[in-house]
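# Remarks on the overall topology
So the chains spell out like this:
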Amino acid sequence: MTYRLARGVERIDADGSPMLFNTRTGGYFALNVSAATALDALLGHSEQEGAAALVAAYGISADQAATDVHVLTASLAGLRLLEAR
């Protein structure tokens, strides 16, 4: 399964801080740097590729990276900011 930002959601950097902007609601969702790293790797790809980006960037275990990416995708999907395609 691959992922994309939901319709009307844009990935932006505001004063150096990674965020998602929902053009439908006008709401912002702040991301920490590791979440932004995983999200950028996820877009158009699978959770495994997002996890691989975290392993490469931060040297964490593959299991921890997989868990972190799964939590991120579930959270963003639950907020209707990310969708599987």
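Every chain is numbered independently, its residues counted from 1 as its sequence is written. Only residues with pLDDT of 70 or above have their local features reported here, since the model is predicted, and side-chain atom pairs are shown and tallied only from 80 upward, although totals for entire chains, interfaces and linings are computed over all residues. Side-chain measures here rest on the full set of heavy atoms in the structure, leaving out hydrogens and waters.

What follows is about the pairing of strand β3 (residues 17–22). Where burial is concerned, most of β3 is hidden: 5 out of the 6 residues are buried. Strands are treated as partners if at least two bridges between them are detected by DSSP. Numbered from the N terminus, helices here are DSSP runs of H or I no shorter than four residues, and strands are runs of E no shorter than two. In this sheet, β3 lies alongside strand β2 (residues 9–14) in antiparallel orientation, the contact comprising 6 bridges. When the sheet's bridge partners are listed, alanine 14 is paired in β3 with serine 17. Bridging between β3 and strand β4 (residues 27–30) involves 4 bridges; their strand directions are antiparallel. Following the sheet pairing, leucine 20 is matched in β4 by phenylalanine 29. We call a residue buried when its accessible area falls under 20% of the maximum for its residue type, exposed when it is over 50%, and partly exposed in between, using a 1.4 Å probe and counting protein chains only.

Looking now at the pattern of salt bridges. Salt bridges are counted wherever a side-chain nitrogen of Lys or Arg sits within 4 Å of a carboxyl oxygen of Asp or Glu. Going through the model one piece at a time under the given rule, you end up with 3 salt bridges. Here arginine 11 and aspartate 13 are joined by a salt bridge, their closest N and O atoms 3.2 Å apart. Judged by relative accessible area, which is 25%, arginine 11 ranks as partly exposed. Residue aspartate 13 is classed as exposed on the basis of its relative accessible area of 54%.

With that settled, consider the packing of aromatic side chains. Pairing of aromatic rings covers Phe, Tyr and Trp, the last counted by its six-membered ring, and requires centre-to-centre distances within 6.5 Å; plane angles under 30 degrees mean stacked, over 60 mean edge-to-face, and any other angle means tilted. Enumeration over the complete set of coordinates arrives at 1 aromatic pair. Residues phenylalanine 21 and tyrosine 28 carry aromatic rings whose centres are separated by 4.7 Å and whose planes lie at 35 degrees to one another, so their mutual orientation is tilted. Take tyrosine 28: its relative accessible area is 54%, and that puts it in the exposed class.

Honestly, it's all geometry; don't read function into it.
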